[in-house]
Amino acid sequence: MPGLSLKGRALKYLAAREHSRVELVRKLAPHAESPEQLERVLDELEAKGLLSAQRFADSVLHRKAARHGAARVQAELAQHQLPPDIAREAIQSLKATEFERAHALWLRRFGSPPQDLAERAKQMRFLAGRGFAGDVVRRVVKGEGLSDAEGDEA
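All figures in this text were calculated on a predicted structure; none of them were measured in a lab.

### With respect to the packing of aromatic side chains
Alright, step 1. All told, the structure shown has one aromatic pair when counted by the stated rule.
Alright, step 2. Residues phenylalanine 110 and phenylalanine 126 carry aromatic rings whose centres are separated by 5.3 Å and whose planes lie at 90° to one another, so their mutual orientation is edge-to-face. With a gap of 16 residues between them, phenylalanine 110 in the loop between helix H7 (98-109) and helix H8 (117-129) and phenylalanine 126 in helix H8 connect regions that are remote in the sequence. The same class applies to phenylalanine 110 as to phenylalanine 126, namely buried.
Alright, step 3. Just above the ring of phenylalanine 99 sits the side chain of arginine 139; from NZ or CZ to the centre is 4.1 Å.

### Remarks on unusual backbone geometry
Alright, step 1. In the Ramachandran plot, glutamine 81 falls in the positive-phi region, its phi being about 50° despite a non-glycine side chain.
Alright, step 2. Position of glutamine 81 relative to the elements: it lies in the loop between helix H5 (70-79) and helix H6 (84-95).
Alright, step 3. With a relative accessible area of 61%, glutamine 81 lands in the exposed category.

### Focus on the environment of glutamate 119
Alright, step 1. Relative to the assigned elements, glutamate 119 resides in helix H8.
Alright, step 2. Among the residues examined, glutamate 119 registers a relative accessible area of 25% and is labelled partly exposed.
Alright, step 3. Expressed as a C-alpha distance, the spacing of glutamate 119 and valine 141, which sit 22 residues apart in the sequence, is 9.9 Å.
Alright, step 4. Leaving out residues up to four positions away in the same chain, glutamate 119 has contacts with Phe110 and Pro114.

Rules and cut-offs
- Residues numbered from 1 in each chain as written.
- Predicted model: local features only at pLDDT ≥ 70, side-chain atom pairs only at ≥ 80, totals over all residues.
- Heavy atoms only, no water.
- Phe/Tyr/Trp six-rings, centres within 6.5 Å; stacked < 30°, edge-to-face > 60°.
- Helix = DSSP H or I, 4+ residues; strand = E, 2+ residues; numbered from the N terminus.
- Buried < 20%, exposed > 50% of the residue type's maximum accessible area, 1.4 Å probe, protein only.
- Lys NZ or Arg CZ within 6 Å of the ring centre and 35° of its normal.
- Contact = heavy atoms within 4.5 Å.

Written out as structure tokens, the structure reads:
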């Protein structure tokens, strides 16, 4: 992107997808004449509503919620240093649907309860590795919610 102003670069990144302020600082710092210039540009974008921590958090939830648990999404939000109230609100909304999301992912991946201990461990590792809570993983792998799903199809 030779010849683009700092603001132009920021807008190009934001046009592709939502970015956090931390991400933009990292991407734009090599092109800024000074840290103050970079801060001015980002402050201006925030003032105009083009850079938003809330929209970034919503974007992460939209992209990650179906495949990842609250712990994994919380870790990603923490990396971006979002304001605590925005991150907390996002995680609360995920925790409310944690079991349903884990169960849907488990159904797509495995579809049936484990037949032996090795298969049980494999299924539990799969869900735990995606950031689902331990109690949720145990309930899903145990087969809770399976009869409800089958009842809906009948």
